[in-house]
Amino acid sequence: MVLTGTVRNVIDFGAFVDIGVHQDGLLHISEMADRFVKHPSELLAVGDIIEVKIKSVDLKRKRIALTRKGLGK
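Residues numbered from 1 in each chain as written. Predicted model: local features only at pLDDT ≥ 70, side-chain atom pairs only at ≥ 80, totals over all residues. Heavy atoms only, no water.

(A) Main features of the pairing of strand E1 (residues 2-11). Here E1 pairs with strand E4 (residues 49-58) via five bridges, running antiparallel. Looking at the pairing, Thr6 lines up with Ile49 of E4. Pairing of E1 with strand E2 (residues 14-18) involves five bridges; the strand directions are antiparallel. Directly across from Ile11, in E2, lies its bridge partner Gly14. Between the end of E1 and the start of E2, which pair antiparallel, lie two residues. (Pairing = 2+ DSSP bridges. Helix = DSSP H or I, 4+ residues; strand = E, 2+ residues; numbered from the N terminus.)

Right under this line is the structure:
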């Protein structure tokens, strides 16, 4: 499922994205694009609206992993 989210925070290892649920999802730097990304700020800034896919959900640790690979962005 492809979701639309808002970038809440950009950090060295990725970005946190609000996808409309209680917990923000983590978009890890390795999942941002099909190419190598040196730093997340190359592609994203706080407030950007992006499309992401849910990669995994860990209910026990309350974590959502996101990806943009394969979306053609």
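(B) Fine view of the pairing of strand E3 (residues 25-28). Only one face of E3 is buried, namely the one carrying Gly25 and Leu27, since none of Leu26 and His28 on the opposite face is buried. Two strands pair when backbone bridges link them, and E2 and E3 are joined in this way by four bridges, in the antiparallel orientation. Residue Val17 lies in a different strand from E3, and its bridge partner there is Gly25. Hairpin remark: E2 followed by E3, antiparallel, with six residues in the connecting loop; positive phi at Gly20, about 95 degrees. (Buried < 20%, exposed > 50% of the residue type's maximum accessible area, 1.4 Å probe, protein only.)

(C) Molecular detail of the sheet that holds strand E5 (residues 63-67). Spatially, the five strands close up into a barrel ordered E1-E2-E3-E5-E4, and their pairing is mixed. Averaged over all pairs of adjacent strands, the angle between their axes in this sheet comes to 50 degrees, without regard to strand direction. (Axes fitted to C-alpha atoms, helices over the stretch in contact; angles between N-to-C directions.)

(D) Broad picture of the environment of Phe16. Following the sequence through the fold, Phe16 ends up in strand E2. Along the chain, Phe16 and Leu27 lie eleven residues apart, while their C-alpha atoms are 6.1 Å from each other. Sequence-distant contacts of Phe16, that is, excluding residues within four places in its chain, are made with Thr6, Val7, Arg8, Asn9, Ile11, Asp24, Gly25 and Leu26. (Contact = heavy atoms within 4.5 Å.)

(E) Quick peek at the pattern of salt bridges. Under the definition given, this model contains four salt bridges. Taking the shortest distance from any N to any O, the salt bridge between Arg8 and Asp18 comes out at 2.6 Å. Here Asp18 lies in strand E2 and Arg8 lies in strand E1, a separation of ten residues in the sequence. You can call Arg8 partly exposed: its relative accessible area is 48%. Here Asp58 makes a salt bridge to Arg61, at a shortest N to O gap of 3.8 Å. Judged by relative accessible area, which is 27%, Asp58 ranks as partly exposed. (Salt bridge = Lys/Arg side-chain N within 4 Å of Asp/Glu carboxyl O.)

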